[in-house]
Amino acid sequence: MRAAVLHEIGQDKLEILDDVEAAGFGPGKVRIRVRATGLCHSDLSAMNGVLPQPAPFVPGHEGAGEIIEVGEGVTGLKAGDRVVVCWLPACGACPACRRGQSELCLAGFMNAGTPNYKRPGQDVFGFAGTGTFAEEVVVDAGCAVPIPDDVPFDIAALIGCGVTTGLGAALNTADVAAGSSVAVLGCGGVGISVIQGARLRGAAEIVAVDPIAARRDAALGFGATRAVAPDELPDAKQQLTGGEGFDYVFEVVGRSATARTAYDNTRRGGTLVVVGAGAMDDFLQLNMFELFFDEKRILPSMYGGGDVLRSYERTIALWRAGRIDLAGLITHRVPLAEINEALDQMRTGTALRTCIEI
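Since this is a predicted model, take the numbers as computed values, not measurements.

Cut-offs and rules
Residues numbered from 1 in each chain as written. Predicted model: local features only at pLDDT ≥ 70, side-chain atom pairs only at ≥ 80, totals over all residues. Heavy atoms only, no water. Helix = DSSP H or I, 4+ residues; strand = E, 2+ residues; numbered from the N terminus. Axes fitted to C-alpha atoms, helices over the stretch in contact; angles between N-to-C directions. Parallel < 35°, antiparallel > 145°, perpendicular 65-115°, else oblique. Left-handed = near helix turned anticlockwise from the far one by under 90°. Contact = heavy atoms within 4.5 Å. Nonpolar A, V, L, I, M, F, W, Y, C, P; charged D, E, K, R; others polar. Phe/Tyr/Trp six-rings, centres within 6.5 Å; stacked < 30°, edge-to-face > 60°. Domains from an automatic or database assignment. Buried area = accessible area lost by both parts, 1.4 Å probe. Salt bridge = Lys/Arg side-chain N within 4 Å of Asp/Glu carboxyl O. Polar contact = N/O pair within 3.5 Å; in protein donor to acceptor, adjacent residues only side chain to side chain.

Undergrad: Quick one: what's the story with unusual backbone geometry, residue by residue and with numbers?
TA: Of note, the amide linkage connecting Ala55 to Pro56 takes the cis form, showing an omega dihedral of 0°. Among the secondary structure elements, Pro56 is positioned in the loop between helix H1 (41–47) and strand E5 (57–58). In this model, Ala128 sits at a positive phi of 55°, which is unusual for a non-glycine residue. Mapping Ala128 onto the fold places it in the loop between strand E9 (122–126) and strand E10 (136–140).

In structure tokens, the structure reads:
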């Protein structure tokens, strides 16, 4: 079958190979025919080494498709079921799950170190234990979440990561209050989803901050009340908050410099939500006095900070009701053979989300 493979960390191009086989099928596993997958910035971060990932590997973790076969012992799933791929399934039994923090369950991460593809003479990993830039993928049954028939595969793929992460950051982690002021630093697919979540919660002011004009324009269409370049943020802060700072600031880039900017633009007693996934050697510097004196809450948001299955259901309900726009997030579509074009679209910021149709 065909799959897009990165041979070494640091390479900027993927190679489309037709000699890759989805491996590991057996008890407790399912084989999925991937129909659509989104390109998330985390895929790029894994390719360039910001996020740890053994190579060679098949990127992709935001996918949807249909089950081809189920392994022994799998219940509640059958061949033909339409599913979204969940890269962070909850085991339901670990301390994090028992505390109601299933987004912190480590069971899914254990899969990342086990190859789930192979080619002649070589094992190949799947990013985050999945790897959806392929025609088929074998994953634990818990990674396959059934979706209703009325949810298209491209929409379901977005729910698998970016939309769940962004909406959840606003609805679960921050619990944005009605009438509040919000700034969102980084307005790709995840940042736009944060904006939609803040709008749902009734935020009075939602400022989208991004260096790319096309993304700023797009943010206004999804609910931002103002869109500014990074160097215009101080003026927006002064005009909208009298210089005090915003009630909520979301960092959706994954860099310490952006997180520091987000902290500086959060009002005293306000909330900074860290959504972007950054590198282990990129350190955010804060002094002990400002931490104490400003009493700003710093809240990391892992995968939307809530129960993943409930988040999927909530997102589908909001989409059905027309309360959120998911189709509008897909600005480009390419076949798997043109995956490197999709990577360029992500790097240049010309795409909010590119859907790879497989």
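Undergrad: Describe the packing of helix H5 (residues 162–173) against helix H6 (residues 189–200), with residues and values.
TA: Contact geometry of H5 with H6 gives a least axis separation of 7 Å together with a crossing angle of 40°. Relative to H6, the element H5 is oriented oblique. Crossing angle aside, the handedness with which H5 passes H6 is right-handed. Contact with H5, carried on its side by Gly162, Val163, Thr165, Gly166, Leu167, Ala169, Ala170 and Leu171, involves Val190, Ser193, Val194, Gln196, Gly197, Ala198 and Leu200 of H6 and no other residues of that element. Residue classes in the contact of H5 with H6 are distributed as nine nonpolar, six polar and no charged.

Undergrad: Outline the packing of aromatic side chains, listing residues and values.
TA: Across all of its chains, the model carries three aromatic pairs by this definition. The interplanar angle of 25° and the centroid separation of 4.6 Å between the aromatic rings of Trp87 and Tyr303 together place this pair among those described as stacked. Note that Trp87 is positioned in the loop between strand E7 (82–85) and helix H2 (95–98) and Tyr303 in the loop between strand E17 (297–300) and helix H11 (308–320), a separation of 216 residues in sequence. Look at Phe289 and Phe293: their rings are 5.1 Å apart centre to centre, the planes differ by 15°, and that puts the pair in the stacked class. Of this pair, Phe289 and Phe293 both sit in helix H10 (residues 288–294), four residues apart, which is roughly one turn of that helix.

Undergrad: Could you give an account of the domain arrangement of the chain, naming the residues involved and the relevant values?
TA: On domain assignment, one finds that the chain holds domain 1 (3–161 + 306–357) and domain 2 (166–300). Between the C-alpha centres of domain 1 and domain 2 the distance comes to 27 Å. Across the domain 1 to domain 2 interface the summed buried area is about 1600 Å²; carbon plus sulfur atoms make up 60%. Seen at the junction of domain 1 and domain 2, the total is zero salt bridges. Where domain 1 packs against domain 2, one counts six residue pairs in polar contact (both at pLDDT 80 or more). The element contributing the most residues to the side of domain 1 that touches domain 2 is H11, with four residues. Tallied by class, the residues present in the side of domain 1 that touches domain 2 amount to nine nonpolar, six polar and four charged.

Undergrad: How would you summarise the packing of H5 against H11 if you had to cite specific residues and measurements?
TA: Where H5 contacts H11, the two axes come as close as 10 Å, and the packing angle between them is 95°. As far as their axial angle goes, H11 and H5 are roughly perpendicular. Listed contacts from H11 to Val163, Thr164, Leu167, Gly168, Leu171 and Asn172 of H5 are Ser311, Tyr312, Arg314 and Thr315. Classifying every residue of the contact of H5 with H11 gives four nonpolar, five polar and one charged.

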